[in-house]
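A look at the structure
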Amino acid sequence: MTKSVEQLARDNVRALTPYQSARRLGGNGDVWLNANEYPLPVPFELTQQTLNRYPECQPAQVIERYAAYSGLNKDQVLVSRGADESIELLIRTFCEPGKDKILFCPPTYGMYSVSAETIGVEYVTVPALDNWQPDIPAIASQLDGVKLVYLCSPNNPTGNIIDPDAVRQLLALTAGKALLVADEAYIDFCPEASLSGWLRDYPHLVILRTLSKAFALAGLRCGFTLANPQVITLLLKVIAPYPLSTPVADIAAQALSEQGLAVMRQQVATLNSTRQWLQQQLEQCPLAEQVYPGSANYLLVRFSDPQVFSTLWDQGIILRDQRKNPGLEGCLRISIGTRHECEVLVNALNTLSHSAEQA
C-alpha cells in the first residue's frame, strides 16, 4: 500500500501543534513588543575570516568568557544554538521515549512541551499557584518516572522570580531521581536571583542561559547550559558536531568581552528603567485590570476589554496574546521596547480607554 509523505511521518509529529513563535504569528507593524527582544541593534562586526574551516564544537573563547561571567569553571559550561537547543538536548540525553517524563508548571514557556512531544517523551504539567509559584506538594505527588523538572525564573510569560525556598524544596525532592532545570533566559535583568552559585551544592541542578535577551542578540541564536562537569560530559555526547557557526562564535565572544559586558549592563539598566515607567503608566490605564510586576524585559497585563490585542494589532502595535494559557484569561504580554515605543503604546491605550468611556 502506497503511503503519502505525511503518513510516513511519526504519529506524534503528525499530531504535534508547533510552537507559535512571534515570527510565525507574523503581523505588520511599527511597534514590535511581542518577542522580548532588545529594541535596537547592537554594533558588532564579523572579524573571523576562516569560513572555509569547520568551527570548534565548543569555541574556547566563548566558553572561557561565559564561565568567567557566570563565576564558574570552563568544564561547567556548554554552548548551543540558543537555550532552545539545551531544552531539547537535555530530553534527548536523559529521557527514554515511552518510559521517562518531564515536568513543568504552566503557565510557562511553551517549548518544554513541544520538545518533549517531538522526541516522544511524555510531559506532566502541575499548574502554578495563583501567585505563579510552584505547587510543591502537587509536584511531589507527580514525580514518578520524571527525569527532568523545568522551572523558568523569571518565568515567561508571568515575569516573576521563583521563590528560592521553593527551589530548595524541589532540589531536595528531585535529588537522586531527576535533574532540576532552571531556565534563566531573563536572569541578566535580575542577576541577584541567579542560581549559578548553587551548582557547587547540587549536582543535579542545571541552568539555561541565552544571549538573546539582555545581550540584544536574539538573531545570533546562542545559548548556554551551566551544570556540573558530569552533566556537561553527557550532553557533549549528544550535541551536534558544530552547534555554533564561526560568525556566531565570533560575535558571542565580542559580546562577552569586558567592553561587551559593559554595554549589556547599560542596556539592562535602560530597559529596567523603561519597564518601571511603563508599569506605572499601565497601572493608571482604565482598561488594565491588573499589571503584574515583572523582573524581566516584559510585563504581563490583564485587560478588561478582549479586543485590545486585535485593535492594537490593526494599528501596528504588536503584542503577545497569552489568553489561551491556563490562568491568563484576558492577559497580554508586553515586551519592553524603547521609551518612544512604550509611549506610543500608552497613548493608544489611553485613546481606547477614552473611546470606551464615550461609548
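Here is what the cut-offs are and how they apply
Residues numbered from 1 in each chain as written. Predicted model: local features only at pLDDT ≥ 70, side-chain atom pairs only at ≥ 80, totals over all residues. Heavy atoms only, no water. UniProt positions renumbered as here; feature names shortened; annotations may be inferred. Helix = DSSP H or I, 4+ residues; strand = E, 2+ residues; numbered from the N terminus. Phe/Tyr/Trp six-rings, centres within 6.5 Å; stacked < 30°, edge-to-face > 60°. Buried < 20%, exposed > 50% of the residue type's maximum accessible area, 1.4 Å probe, protein only. Contact = heavy atoms within 4.5 Å. Polar contact = N/O pair within 3.5 Å; in protein donor to acceptor, adjacent residues only side chain to side chain. Pairing = 2+ DSSP bridges. Axes fitted to C-alpha atoms, helices over the stretch in contact; angles between N-to-C directions. Core = buried A, V, L, I, M, F, W, Y, C linked by side-chain atoms within 4.5 Å.

As recorded in UniProt, the sites labelled "domain: Aminotransferase class I/classII large" (unreviewed entry) are residues 31-349. Overall, residues 31-349 shows 35% helix and 18% strand. The separation of its end C-alpha atoms is 14 Å.

A few words on the packing of aromatic side chains. Summed over the entire model, instances satisfying the criterion amount to 12 aromatic pairs. Taking 5.7 Å as the distance between ring centres and 90 degrees as the angle between the ring planes, the aromatic pair formed by Y109 and Y112 counts as edge-to-face. Assessed through its relative accessible area of 0%, Y112 is described here as buried. Aromatic side chains W198 and Y202 sit 6.0 Å apart centroid to centroid with 40 degrees between the ring planes, which places their arrangement in the tilted category.

The next thing to look at is the UniProt feature "modified residue: N6-(pyridoxal phosphate)lysine" (unreviewed entry) in the protein chain. UniProt records the feature "modified residue: N6-(pyridoxal phosphate)lysine" (unreviewed entry) at K213, using the numbering of this structure. By the element assignment, K213 lies in the loop between β7 (205-210) and β8 (223-226). You can call K213 buried: its relative accessible area is 15%. Once residues within four sequence positions are removed from consideration, K213 is found in contact with A35, N36, Y38, A185, Y186 and F189. Only 3.4 Å separates the side chain of K213 from the side chain of Y186, close enough to count as a polar contact.

What follows covers the sheet that holds strand β13 (residues 331-335). Each strand in a sheet pairs with another by means of backbone hydrogen bonds, the pair being arranged parallel or else antiparallel. Taken in spatial order, the 4 strands make up an open sheet running β9-β10-β13-β12, and their pairing is antiparallel. Looking at strand neighbours, the two that pair on one side only are β9 (288-292) and β12 (320-321), the edges of this open sheet. Direction of pairing for β12 relative to β13: antiparallel, over a ladder of 2 bridges. The partner of D321 across the bridge, within β13, is L332. Packing of helix α11 (residues 258-283) onto the sheet brings it into contact with β9, β10 (298-303) and β13, and relative to β10 it is tilted by some 5 degrees.

Turning our attention to the nonpolar core. Counting 84 residues, the largest nonpolar core has L211, F224 and L278 as its most contacted members. Looking at which element gives the most residues to this core, the answer is α11, with 7 residues. Counting residues in each nonpolar core, the second largest holds 29 residues, with I87, F94, A116 and L179 among its members.

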